[in-house]
Every structure is written in structure tokens, then in C-alpha cells.
Amino acid sequence: VADRSIGSGGGLIEIVAGGNVDFDAGSTVRLDGASGSSAGRLQLRSGGTVRTSGVLSARGAAGMRGGTLELDGARLADFASLTSRLVDGGFDDRI
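Colleague: Which parts of the structure should I look at to understand the overall build of the chain?
Modeller: Check the secondary structure of the chain and you find one helix and six strands. Ordering the α and β elements of the chain from the N terminus gives β-β-β-β-β-β-α. Projected onto its principal axes, the C-alpha coordinates of the chain cover approximately 50 × 25 × 25 Å. Relative to its full complement of 95 residues, the chain shows a buried share of 35%. Of all intrachain contacts in the chain linking residues separated by at least 6 positions in sequence, the fraction that spans at least 24 positions is 78%.

Colleague: What should I look at first to understand the nonpolar core in this one?
Modeller: The nonpolar side chains of soluble globular proteins are, as a tendency, buried together. Residues Leu 42, Leu 44, Leu 56, Leu 69 and Phe 91 are the most contacted members of the largest nonpolar core, which totals 14 residues. Every element with two or more residues in this core is listed here: β2 (21–23), β4 (41–52) and α1 (79–88). Every residue in contact with Leu 56, bar those within four places of it in the chain, is listed here: Phe 23, Val 29, Leu 42, Leu 82, Arg 85, Leu 86, Gly 89 and Phe 91.

Colleague: Explanation requested: the side chain of Thr 49 in the structure shown.
Modeller: With respect to the helices, strands and loops of the structure, Thr 49 is situated in strand β4. Among the residues examined, Thr 49 registers a relative accessible area of 7% and is labelled buried. In this view, Thr 49 contacts Asn 20, Val 21, Arg 75, Leu 76 and Ala 77; residues no more than four positions away in its chain are not counted.

Colleague: What exactly am I supposed to notice about the side chain of Ser 37 here?
Modeller: Its place among the elements puts Ser 37 in the loop between β3 (28–30) and β4. Judged by its relative accessible area of 11%, Ser 37 falls in the buried class. Within polar-contact distance, the side chain of Ser 37 engages the backbone nitrogen of Ser 8 at 3.4 Å. When sequence neighbours within four positions are dropped, the list of residues in contact with Ser 37 reads Gly 7, Ser 8, Gly 9, Gly 60, Ala 61 and Met 64.

Colleague: How should I be thinking about α1 in this particular structure?
Modeller: Note that an α-helix has 3.6 residues per turn; residues three or four places apart therefore point the same way. Here α1 has its buried residues at Ser 81, Leu 82 and Leu 86. Each buried residue of α1 sits inside an arc of 130° when the element is viewed along its axis, so together they form one side. For α1, the exposed residues set more than 90 degrees away from the buried face come down to Ala 80, Val 87 and Asp 88. Put simply, Asp 78 is the residue that caps the front of α1, since its side-chain oxygen is 3.2 Å from the backbone nitrogen of Ala 80.

Colleague: Quick question: what am I supposed to make of a nonpolar patch on the surface here?
Modeller: On the surface, Leu 71, Leu 76 and Phe 79 cluster together into a nonpolar patch covering about 280 Å² of accessible area. Turning to its location among the elements, Phe 79 is positioned in helix α1. Phe 79 sits in the exposed class, given a relative accessible area of 60%.

Conventions used here
Here the residue numbers are simple positions, counted from 1 along each chain's written sequence. For a predicted model such as this one, the threshold for reporting local features is a pLDDT of at least 70, and the threshold for listing and counting side-chain atom pairs is 80 or more; totals across whole chains, interfaces and linings nevertheless cover every residue. Note: side-chain values were computed over all heavy atoms of the structure, leaving out hydrogens and water. Strands are runs of DSSP state E lasting at least 2 residues, helices are runs of H or I lasting at least 4, and numbering of each runs from the N terminus. Throughout this description, buried means an accessible area under 20% of the type-specific maximum (1.4 Å probe, protein chains only), exposed means over 50%, and partly exposed covers the range between. Residue contacts follow a heavy-atom distance rule, with two residues in contact if any of their heavy atoms lie within 4.5 Å. For this analysis, a nonpolar core means a set of buried residues of the types Ala, Val, Leu, Ile, Met, Phe, Trp, Tyr and Cys, connected via side-chain atoms within 4.5 Å. Between N or O atoms, a polar contact is any pair within 3.5 Å; within protein, one atom must be a potential hydrogen donor and the other a potential acceptor, and residues adjacent in sequence are included only when both atoms are from side chains. What the arc measures is the spread of directions leading from the helix axis to the C-beta atoms. Two joining distances apply to patches: 9 Å for like charges and 5 Å for nonpolar side chains (Val, Leu, Ile, Met, Phe, Trp, Tyr), and every residue must have over 30% relative accessible area and no salt bridge. Surface exposure here means Shrake-Rupley accessible area, sampled with a 1.4 Å probe, where a residue is shielded only by the protein chains that are shown. Criterion for a salt bridge: a side-chain nitrogen of Lys or Arg within 4 Å of a carboxyl oxygen of Asp or Glu.

In C-alpha cells, the structure reads:
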């Protein structure tokens with residue numbers, strides 16, 4: 001399409017582990033939607049503990065939906081921390 005910018009959605013990141021899933025401090029997972037698009041979806045499946053110390057970002061473009069999280073883990077290290085990171089990162093579609 002000539003002379004036109006078209007954004008794309010944030011896509012899907014799927015992480016499956018038999019053991020722990022750790023998002024260490026300094027790590028970043030981005031599912032932001034580009035111009036005119038919704039954010040993407042993060043699927044986490046863990047047989048161990050899920051720890052989130054890094055940045056989780058899933059902001060939709062203006063007027064579009066934020067990200068979705070699907071979490072299936074044996075244990076969550078810190079629910080309050082995860083909730084804060086999701087809200088700060090724009091996950092507002094479905095959790």
C-alpha cells in the first residue's frame with residue numbers, strides 16, 4: 001500500500017517450561033500493538049514457579065485493547081508483584 005503506514009498487532013509469545021519460568025530484573029517482554037493495533041497475548045505454562053522481576057509490556061495503540069495474559073503455573077512467587085507489573089505494562093484486556 002503506497003504512502004500509508006499500517007500497524008500490526010502485538011502477536012503471541014508462548015512460553016512452556018517443565019520447571020520454573022523467571023523474568024529476571026532487566027529483562028523485557030514486549031507485546032505492544034503498533035499504530036492502530038491492539039496489543040498481543042502472553043501465554044505462560046510452567047510446571048514450577050513463575051517469577052516476574054522484569055518488564056512486561058502490552059500496550060495497545062490509542063483506542064485499542066491492551067494485552068492478554070494466560071497463566072498456568074504450579075506456583076506464583078509473588079502475586080502482588082505480577083499484578084502490579086501487568087497493570088503498569090498495559091495488560092487490560094484479559095487476565
